[in-house]
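Examining the three-dimensional arrangement
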Amino acid sequence: MATEVPFPTRPFYIGSKLPGGERLALSKGEGDKLVLRPLEGDLDQLWTAEAYIHGGSVLRHLASGLVLTYRTRHYSTPKGGGYDTPEGAVRLAPFSPSEVRQVWRAEAVNGWVALNTRLDWEYKLNIYRSDPRGDIGVYRWDGGADNECWALPVEEGQVIVTDLQYAHRLFMEVRPAPSQWGEVMVVDNRLGSELLTDVRWTPRTYDIERTFMIEEGVDRGPLAMFGPVGGFDRVVDVLDGEQTLERSIKPLPEAHILSPHLERMDDPAQALVEVPAGRLYGYQPLVDYARIVAPFTATLRLRSAISGRLSGALAIEGRFFGVNPVRSEVRVHDLTTVGADGGGDLVGVMQPA
């Protein structure tokens, strides 16, 4: 008894069992024709399966959006009416919700599958005369011959950014963001009799926020089937007046809403310590930030997990949002009269080395 098996839930290839050389995959040919080509891990060879309301699945060619369709021949009966039988070469056609000739089932066959027409389980996808350069159509089951058995390897690849360009050299918006005070480094020379000089490292951290947002309404076409987009790892070059800021942006998940990726970087500041005798000084780093909004265009492509091949090319638009450090200084306060927890008087400002 035939055992129906589910189609993959991710895009997949339809590979032939025909022996010899490279595995052949069902591919779109000229017009609506189906052909066999070596499996290259190409977007143009991928298929998806969409469940049909009355059972079975519609097999959609991912790149074109057309679906695998078979023909039928009508046979009349003596008492009127008649019946339809699958027949002849298959083709690609626009999807029609009520068209049963676009519905298929998969049947397990010794580690492979047969692709059966829903109209008649015994008629299956077949490479006529086992000729890889010949016609592909439906034919009555012949017991599991190589020309009627198929594999459905899933494409586990990822959609990545292969090109990222910002719309302008000057970004849409660069404006100040709240400054950040660091931890106070206390230097106590209250018991000393002479000036204390030293070079010390005061704790300093940078908090960076960043996200790439693909604009709402951008059609990612068949690439949307592969989920999150990777590869947003280009350098952001910001001009803020005469100051240039460069920050390397690590890969981030796709976001259709603003959901910043947060990162804290420890970068101690080197400070020249000079504390007079009898004084208690506090050295505190201050980091100023800029908030950046930058429109960009990017090219998305599929990187196949099967071949490593890049295929497809789709331009999208979006915006980069970021908060980056732009300037840092160390402020020196005299804490002698207020103690280590107090604010004290400002006695100096230095640029850390």
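Since the structure is predicted, the reported quantities are computational estimates derived from the model, not experimental observations.

Our next topic: the overall build of the protein chain. Across its full length, the protein chain carries zero helices and 26 strands. Counting every position in the protein chain, which comprises 353 residues, the buried fraction comes to 43%. Contacts in the protein chain between residues far apart in sequence, at least 24 positions, make up 67% of those at least 6 positions apart. Of the accessible surface of the protein chain, which amounts to about 17900 Å², a share of 49% is contributed by carbon and sulfur atoms.

Moving on, we get to the side chain of Asn126. With respect to the helices, strands and loops of the structure, Asn126 is situated in strand E11 (residues 123-127). Engagement of the side chain of Asn126 in a polar contact is seen with the backbone nitrogen of Tyr128, the distance being 3.4 Å. A polar side-chain atom of Asn126 sits 3.2 Å from a polar atom in the side chain of Asn147. Among residues more than four places away in sequence, those in contact with Asn126 are Asp135, Ile136, Gly137, Tyr139, Asn147 and Glu148.

This brings us to the side chain of Gln45. Locating Gln45 in the fold gives a position in the loop between strand E4 (34-38) and strand E5 (47-51). Engagement of the side chain of Gln45 in a polar contact is seen with the backbone nitrogen of Glu40, the distance being 2.9 Å. With near-sequence residues (within four places) excluded, Gln45 lies in contact with Phe12, Tyr13, Ala25, Leu26, Ser27, Arg37, Pro38, Leu39 and Glu40.

This part takes up the environment of Val100. Assignment of secondary structure puts Val100 in the loop between strand E8 (83-93) and strand E9 (103-109). Under the relative-accessibility criterion, Val100 is labelled partly exposed at 22%. Between the C-alpha atom of Val100 and that of His54, which follows or precedes it by 46 residues, the distance is 9.3 Å. Contacts of Val100, omitting those with residues within four sequence positions, involve Tyr70, Arg118 and Leu119.

Let us now look at the packing of aromatic side chains. Applying the stated criterion across every chain yields a total of three aromatic pairs. Taking the centre distance of 5.2 Å and the plane angle of 80° together, the rings of Tyr70 and Trp104 count as edge-to-face. Of this pair, Tyr70 sits in strand E7 (residues 67-75) while Trp104 sits in strand E9, and the two are 34 residues apart along the sequence. By relative accessible area, Tyr70 is classed as buried at 1%. For Trp104, a relative accessible area of 0% puts it in the buried group. When the ring centre of Trp141 is taken as origin, the NZ or CZ atom of Lys124, which lies over that ring, is 5.0 Å away.

If you look at the biggest cluster of nonpolar residues, it comprises 24 residues, and the most contacted ones within it are Ile14, Trp47, Val90, Trp104 and Leu115. Taken together, the elements giving at least two residues each to this core come down to strand E3 (24-28), E4, E7, E8, E9, strand E10 (112-117), E11 and strand E12 (136-140). Non-local contacts of Ile14, meaning those with residues more than four positions away in its chain, are made with Leu24, Ala25, Leu26, Trp47, Leu59, Leu115, Trp150, Ala151 and Leu152. With 21 residues, the next largest nonpolar core counts Tyr13, Leu46, Ala294 and Ile316 among its residues.

Moving on: unusual backbone geometry. Of note, the phi angle at Arg129 is positive, near 60°, even though the residue is not glycine. Positionally, Arg129 belongs in the loop between E11 and E12. Using a relative accessible area of 69% as the deciding quantity, one classes Arg129 as exposed. A positive phi is found at Ser130, a non-glycine position, where the angle reads about 55°.

What counts as what
Residues numbered from 1 in each chain as written. Predicted model: local features only at pLDDT ≥ 70, side-chain atom pairs only at ≥ 80, totals over all residues. Heavy atoms only, no water. Helix = DSSP H or I, 4+ residues; strand = E, 2+ residues; numbered from the N terminus. Buried < 20%, exposed > 50% of the residue type's maximum accessible area, 1.4 Å probe, protein only. Contact = heavy atoms within 4.5 Å. Areas by Shrake-Rupley, 256 points an atom, 1.4 Å probe, with all protein chains shown as cover. Polar contact = N/O pair within 3.5 Å; in protein donor to acceptor, adjacent residues only side chain to side chain. Phe/Tyr/Trp six-rings, centres within 6.5 Å; stacked < 30°, edge-to-face > 60°. Lys NZ or Arg CZ within 6 Å of the ring centre and 35° of its normal. Core = buried A, V, L, I, M, F, W, Y, C linked by side-chain atoms within 4.5 Å.

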